[in-house]
Protein chains: 2
Amino acid sequence: MLIHELSKRTGITIHTIRFYEKSGLIQGKRDAHVKSNNYFHYDEDTVEKLALIRDAKSIGFTLREIGQLMDAWFTNQLSIPEKIAVLDEKLESIDEKIKQLMEMKATISEFKKRVETESC
Amino acid sequence: MLIHELSKRTGITIHTIRFYEKSGLIQGKRDAHVKSNNYFHYDEDTVEKLALIRDAKSIGFTLREIGQLMDAWFTNQLSIPEKIAVLDEKLESIDEKIKQLMEMKATISEFKKRVETESC
DNA sequence: TGCAAGTATAGACCATGCTCTTATGTTGTG
DNA sequence: CACAACATAAGAGCATGGTCTATACTTGCA
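Because the structure is a prediction, the values reported are computed rather than measured.

**Student:** Explain the packing of aromatic side chains here, please?
**Tutor:** This structure, assessed with the given rule, holds 5 aromatic pairs over all chains. Here A:Phe19 and A:Tyr20 contribute two aromatic rings whose centre-to-centre distance is 6.0 Å and whose plane-to-plane angle is 50°, an arrangement assigned as tilted. Residue class for A:Tyr20 comes out buried when judged on its relative accessible area of 6%. An aromatic cluster is present here, built from A:Phe111, B:Trp73 and B:Phe74 joined pairwise through their rings. The ring of A:Phe61 has A:Lys97 lying over it, and the distance from NZ or CZ to the ring centre is 4.3 Å.

**Student:** Got a minute to help me understand the protein's contact with DNA strand C in this structure?
**Tutor:** Around DNA strand C lies a shell of 19 residues, among which A:His4, A:Arg18, A:Arg30, A:Phe40 and B:Ser36 are the nearest. At the protein interface, 72% of the atoms of DNA strand C within 4 Å belong to sugar or phosphate. A distance of 2.4 Å separates a phosphate oxygen of DNA strand C from a polar atom in the side chain of A:Arg18. The side chain of B:Ser36 places a nitrogen or oxygen atom 2.4 Å from a phosphate oxygen of DNA strand C. Of all the secondary-structure elements, those providing two or more residues to the surface near DNA strand C are α1 (3–10) of chain A together with α2 (14–22) and α4 (63–74) of chain B. It is α2(B) that contributes the most residues to the surface near DNA strand C, 4 residues altogether. Among the residues making up the surface near DNA strand C, the classes are represented as 8 nonpolar, 7 polar and 4 charged.

Here is what the cut-offs are and how they apply
Residues numbered from 1 in each chain as written. Chains lettered and ligands numbered in written order. Predicted model: local features only at pLDDT ≥ 70, side-chain atom pairs only at ≥ 80, totals over all residues. Heavy atoms only, no water. Phe/Tyr/Trp six-rings, centres within 6.5 Å; stacked < 30°, edge-to-face > 60°. Buried < 20%, exposed > 50% of the residue type's maximum accessible area, 1.4 Å probe, protein only. Lys NZ or Arg CZ within 6 Å of the ring centre and 35° of its normal. Near = heavy atom within 4 Å. Polar contact = N/O pair within 3.5 Å; in protein donor to acceptor, adjacent residues only side chain to side chain. Helix = DSSP H or I, 4+ residues; strand = E, 2+ residues; numbered from the N terminus. Nonpolar A, V, L, I, M, F, W, Y, C, P; charged D, E, K, R; others polar.

Next up, the structure:
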């Protein structure tokens, strides 16, 4: 599919998709048979990648980290133990984030209680 | 205390503290009696605020959101129901983040399993 | 064939959150 | 009183993650 369709299917703007491509997160392929243009073609994996980027970004991963994750996910540049190491690292950092969120939740809840009693 | 001590006590650089002050997150007070300088003086609340900024930032709150939180926390610009509303909103957004983190954890764990079996 | 819609590249511009430099004035200790 | 250490303000510069504009070429349909 071309960039327009990719954009429609993922809800990510063409501009942002191009930005991600320039950043090395996704790669379209040009059709060697077609010489009249140099349009990029995208596959289903790219749709999945963009969904992953969207989700991972929303939980605070940087594009750099997401890139590492996707290398473990979609490419064969890494050996299996290397892939597992990357995934374990991300799992750990997620646990750490959850822990910090729990702490902040406790802090805010505690303060909320204080505000409530203050009103009596 | 002056900015140098505030910096030492919080581990946040003087530059960054000044940036937060310019952004409206903290406010030093000038001593009206002293006319030879216009140094800012900071209180204990400011130390707590900077700790809160550090923690809240690390879990993905923006400075704008942290500012709202601190208005509910430290000032009396908001009524008690308004304060509670702000706190509830932040608690909800924390729950949402935790939920998303759990989902991403499941996704990555699932993929890890696939990578592991692939190696057999 | 003309024209709208799509595509590419290059680069300007923006918000957030710093980080540092320059310039200048103040304070405190030997 | 010299001088280091501290303070101020103003503003430049930077990394990240976009967002948009300009320019120019290609494609597909009436």
